[in-house]
Amino acid sequence: QVHLVESGGGLVQAGGSLRLSCAASGRTSSIYAMGWFRQAPGKERELVSAITWSGGRTSYADSVKGRFTISRDNAKNTVYLEINSLKPEDTAAFYCAAKTELAVPYNYWGQGTQVTVSS
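All of the points below concern the structure found in this document. These numbers come from a predicted model, not from an experiment. (Residues numbered from 1 in each chain as written. Predicted model: local features only at pLDDT ≥ 70, side-chain atom pairs only at ≥ 80, totals over all residues. Heavy atoms only, no water.)

### What to know about the pairing of strand E5 (residues 46–52)
Defined as follows: Here the term buried applies to any residue with accessible area under 20% of the maximum for its type, exposed to any over 50%, and partly exposed to those in between, with areas from a 1.4 Å probe on protein chains only. Comment: elements are numbered from the N terminus, with helices defined as DSSP H or I runs of at least four residues and strands as E runs of at least two. For two strands to be treated as a pair, DSSP must find no fewer than two bridges joining them.
Of all seven residues in E5, five are buried, a share of seventy percent or more. In this structure, strand E4 (residues 33–39) lies alongside E5, joined through six bridges in antiparallel fashion. Counted as the bridge partner of alanine 33 is threonine 52 from E5. In sequence, E4 turns back onto E5 through a hairpin of six residues, with glycine 42 there showing a positive phi of about 80 degrees. Alignment of E5 against strand E6 (residues 58–60), held across three bridges, turns out to be antiparallel. From the neighbouring strand, isoleucine 51 faces E6, where its bridge partner is threonine 58. Adjacent in sequence and paired antiparallel, E5 and E6 are bridged by five residues, among which glycine 56 carries a positive phi angle near 70 degrees.

Next comes the structure, spelled out in C-alpha coordinates:
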(Lines give C-alpha, C1' and ligand atoms only; values in the text may rest on other atoms or scores of the structure.)
Protein backbone atom coordinates (compact mmCIF):
# COMPACT_ATOMS: atom_id res chain seq x y z
CA GLN A 1 0.00 0.00 0.00
CA VAL A 2 1.02 3.57 -0.70
CA HIS A 3 -0.35 6.43 1.34
CA LEU A 4 -0.42 9.94 -0.15
CA VAL A 5 -0.97 13.24 1.63
CA GLU A 6 -1.28 16.53 -0.25
CA SER A 7 -0.68 19.98 1.16
CA GLY A 8 -0.10 23.52 -0.01
CA GLY A 9 -3.46 24.51 -1.38
CA GLY A 10 -5.21 27.71 -0.44
CA LEU A 11 -6.72 30.96 -1.59
CA VAL A 12 -4.54 33.05 -3.86
CA GLN A 13 -5.04 36.04 -6.12
CA ALA A 14 -4.85 35.70 -9.86
CA GLY A 15 -1.27 35.98 -11.04
CA GLY A 16 0.10 34.45 -7.88
CA SER A 17 1.88 31.16 -7.33
CA LEU A 18 1.50 28.09 -5.20
CA ARG A 19 3.53 24.98 -4.56
CA LEU A 20 1.61 21.83 -3.82
CA SER A 21 3.30 18.93 -2.07
CA CYS A 22 2.43 15.27 -2.02
CA ALA A 23 4.17 13.13 0.58
CA ALA A 24 4.20 9.39 -0.06
CA SER A 25 4.62 6.71 2.57
CA GLY A 26 4.31 2.97 2.76
CA ARG A 27 5.57 0.86 -0.14
CA THR A 28 7.14 3.78 -2.01
CA SER A 29 9.59 1.40 -3.68
CA SER A 30 6.66 0.08 -5.70
CA ILE A 31 5.84 3.46 -7.27
CA TYR A 32 6.39 3.76 -11.00
CA ALA A 33 4.97 7.25 -11.47
CA MET A 34 3.06 9.93 -9.68
CA GLY A 35 0.60 12.37 -11.13
CA TRP A 36 -1.28 15.50 -10.22
CA PHE A 37 -4.93 15.69 -11.17
CA ARG A 38 -7.39 18.52 -10.78
CA GLN A 39 -11.15 18.60 -10.68
CA ALA A 40 -12.97 21.86 -11.10
CA PRO A 41 -16.59 22.23 -10.02
CA GLY A 42 -18.87 20.51 -12.49
CA LYS A 43 -15.99 19.11 -14.52
CA GLU A 44 -14.29 15.77 -14.80
CA ARG A 45 -11.02 15.05 -13.07
CA GLU A 46 -8.08 15.63 -15.42
CA LEU A 47 -4.43 14.67 -15.29
CA VAL A 48 -2.37 17.86 -15.43
CA SER A 49 1.13 16.50 -14.89
CA ALA A 50 3.04 13.33 -14.12
CA ILE A 51 6.56 12.27 -13.25
CA THR A 52 8.24 8.90 -13.18
CA TRP A 53 9.54 8.01 -9.77
CA SER A 54 13.02 6.81 -10.69
CA GLY A 55 13.88 8.59 -13.95
CA GLY A 56 12.08 11.83 -13.28
CA ARG A 57 10.55 11.95 -16.74
CA THR A 58 7.78 14.54 -16.80
CA SER A 59 4.66 15.19 -18.82
CA TYR A 60 2.09 17.98 -18.85
CA ALA A 61 -1.37 18.60 -20.18
CA ASP A 62 -1.32 21.16 -22.97
CA SER A 63 -3.52 23.46 -20.91
CA VAL A 64 -0.87 23.89 -18.20
CA LYS A 65 2.41 23.77 -20.11
CA GLY A 66 4.61 26.69 -19.23
CA ARG A 67 2.83 27.45 -15.95
CA PHE A 68 2.98 24.16 -14.02
CA THR A 69 6.19 22.43 -13.03
CA ILE A 70 6.30 18.99 -11.46
CA SER A 71 9.31 17.76 -9.52
CA ARG A 72 10.20 15.12 -6.99
CA ASP A 73 12.51 14.63 -4.05
CA ASN A 74 13.06 10.92 -3.70
CA ALA A 75 14.90 11.32 -0.42
CA LYS A 76 11.75 12.88 1.04
CA ASN A 77 9.34 10.68 -0.93
CA THR A 78 7.64 13.88 -2.01
CA VAL A 79 6.37 15.20 -5.32
CA TYR A 80 5.73 18.88 -5.89
CA LEU A 81 3.61 20.87 -8.29
CA GLU A 82 4.64 24.48 -8.75
CA ILE A 83 1.84 26.56 -10.24
CA ASN A 84 2.62 30.02 -11.55
CA SER A 85 0.51 32.78 -13.06
CA LEU A 86 -2.59 31.37 -11.44
CA LYS A 87 -5.89 32.05 -13.16
CA PRO A 88 -9.42 31.90 -11.74
CA GLU A 89 -10.05 28.93 -14.00
CA ASP A 90 -7.35 27.04 -12.11
CA THR A 91 -9.72 26.86 -9.15
CA ALA A 92 -10.09 23.18 -8.43
CA ALA A 93 -9.42 20.38 -6.02
CA PHE A 94 -5.97 19.02 -6.75
CA TYR A 95 -5.17 15.38 -6.10
CA CYS A 96 -1.96 13.46 -6.29
CA ALA A 97 -1.95 9.85 -7.30
CA ALA A 98 0.51 7.03 -7.74
CA LYS A 99 0.70 3.98 -9.91
CA THR A 100 2.93 0.98 -9.75
CA GLU A 101 3.28 0.17 -13.45
CA LEU A 102 3.35 2.08 -16.73
CA ALA A 103 0.21 0.67 -18.32
CA VAL A 104 -2.16 0.63 -15.37
CA PRO A 105 -4.46 3.28 -13.95
CA TYR A 106 -3.41 5.35 -10.98
CA ASN A 107 -4.38 3.18 -8.07
CA TYR A 108 -3.39 5.21 -5.02
CA TRP A 109 -4.91 8.59 -4.29
CA GLY A 110 -4.51 11.37 -1.79
CA GLN A 111 -7.39 13.18 -0.17
CA GLY A 112 -6.94 16.31 -2.24
CA THR A 113 -6.10 19.94 -1.57
CA GLN A 114 -8.23 22.88 -2.65
CA VAL A 115 -6.83 25.68 -4.77
CA THR A 116 -9.01 28.76 -5.10
CA VAL A 117 -7.94 31.64 -7.29
CA SER A 118 -9.65 34.99 -6.87
CA SER A 119 -9.83 37.52 -9.66
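Following the structure, the description resumes.
### Quick word on the state of the cysteines
The test is simple: Two cysteine sulfur atoms form a disulfide, by the criterion used here, when they sit within 2.5 Å.
Counted according to the given criterion, the structure contains one disulfide. For cysteine 22, the disulfide goes to cysteine 96, at an S-S distance of 1.9 Å. With the S-S bond torsion at 45 degrees, the cross-link from cysteine 22 to cysteine 96 turns out right-handed. Of this pair, cysteine 22 sits in strand E3 (residues 18–26) while cysteine 96 sits in strand E9 (residues 92–99), and the two are 74 residues apart along the sequence.

### What to know about the side chain of threonine 28
Under the convention used in this document: The contact rule is simple, with two residues in contact once any of their heavy atoms fall within 4.5 Å.
With respect to the secondary-structure elements, threonine 28 resides in the loop between E3 and E4. The residues contacting threonine 28, other than those within four sequence positions of it, are Trp53 and Asn77.

### Thoughts on the pattern of salt bridges
Operational definition: Salt bridge criterion: a side-chain nitrogen from Lys or Arg within 4 Å of a carboxyl oxygen from Asp or Glu.
Under the criterion given, the structure shown has four salt bridges. Between lysine 65 and aspartate 62 there is a salt bridge; the shortest N-O distance is 3.1 Å. Exposure class is identical for lysine 65 and aspartate 62. Each is exposed. With its nearest N and O atoms 2.7 Å apart, the salt bridge here joins arginine 67 to aspartate 90. Remark: aspartate 90 occurs in the loop between strand E8 (78–83) and E9 and arginine 67 occurs in the loop between E6 and strand E7 (68–73); sequence separation between them is 23 residues. For the pair arginine 67 and aspartate 90, a shared accessibility class is recorded, and that class is buried. The network of salt bridges with common partners includes Arg38, Glu46, Arg67 and Asp90.

### Observations regarding the sheet that holds E7
Selection criterion: To obtain each axis, a line is fitted to C-alpha atoms, and for helices this fit is confined to the stretch in contact; angles are then taken between N-to-C directions over 0 to 180 degrees.
Strand order in the open sheet formed by four strands is E1-E3-E8-E7, with antiparallel pairing between adjacent strands. Edge strands, defined here as strands with exactly one partner in the open sheet, are strand E1 (2–7) and E7. Averaged over neighbouring strand pairs, the angle between their axes works out to 20 degrees when direction is ignored.

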